[in-house]
Amino acid sequence: WDNADFSRGVGTTFYQEFHTLNTAKPPFVRDVEAKIRRYLRSSYSAAWTLKITWEKAPAYAARTDTRRTNTYQAILTTDGFRSYVLMLYQEGGMQWDYTRLPATNVLIGYT
């Protein structure tokens, strides 16, 4: 989530929290569980999930370009013992012009 710049009034951030330890699970949480089971071949039942969406986020410094924006999500989830992060990007990947960013070591993902 490097250097998104909302200072020019372009873009929005949303979040939604799901407590599902003792409640019925909405389709979104069931989908997250299915992805974890599929990709990690692990049994998983979420107790808590947080979905964060950055919509039409311009890169820093937005004063130079607010036309190239990105929409992306991070989904944080845990069963109380194991925790996972799913990172989802808009169709076509990141749209920021990385050659114009202050940092030269640009990377999508996390370490």
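Only a predicted model underlies this, so the values are computations on that prediction, with no experimental measurement involved. (Residues numbered from 1 in each chain as written. Predicted model: local features only at pLDDT ≥ 70, side-chain atom pairs only at ≥ 80, totals over all residues. Heavy atoms only, no water.)

1. Quick notes on the overall build of the protein
Okay, so step 1: Along the protein, the regular secondary structure elements total one helix and four strands.
Okay, so step 2: Traced from its N-terminal end to its C-terminal end, the protein shows the element sequence β-α-β-β-β.
Okay, so step 3: Residues counted as buried form 32% of the 111 residues belonging to the protein.
Okay, so step 4: Long-range contacts, defined as pairs at least 24 residues apart, comprise 60% of the intrachain contacts of the protein with a sequence gap of at least 6. (Helix = DSSP H or I, 4+ residues; strand = E, 2+ residues; numbered from the N terminus. Buried < 20%, exposed > 50% of the residue type's maximum accessible area, 1.4 Å probe, protein only. Contact = heavy atoms within 4.5 Å.)

2. Points about the side chain of Thr 53
Okay, so step 1: Residue placement: Thr 53 occurs in strand S2 (residues 48-58).
Okay, so step 2: The class for Thr 53 is buried, based on a relative accessible area of 14%.
Okay, so step 3: Within the structure, the side chain of Thr 53 is placed 2.9 Å from the side chain of Gln 73, a separation counted as a polar contact.
Okay, so step 4: When residues no more than four places from it in sequence are discounted, the contact partners of Thr 53 are Thr 12, Thr 13, Phe 14, Thr 71, Tyr 72 and Gln 73. (Polar contact = N/O pair within 3.5 Å; in protein donor to acceptor, adjacent residues only side chain to side chain.)

3. Brief notes about the pairing of strand S3 (residues 69-78)
Okay, so step 1: Of all ten residues making up S3, seven are buried, and the element is well covered by its neighbours.
Okay, so step 2: By the bridge criterion, nine bridges tie S2 to S3 in an arrangement that is antiparallel. Along S3, the bridge assignment pairs Trp 54 with Tyr 72.
Okay, so step 3: Where S3 and strand S4 (residues 83-89) come together, seven bridges link them in antiparallel fashion. The partner of Thr 77 across the bridge, within S4, is Tyr 84.
Okay, so step 4: Here S3 folds back onto S4 in antiparallel fashion, the turn holding four residues, of which Gly 80 has a positive phi close to 100°. (Pairing = 2+ DSSP bridges.)

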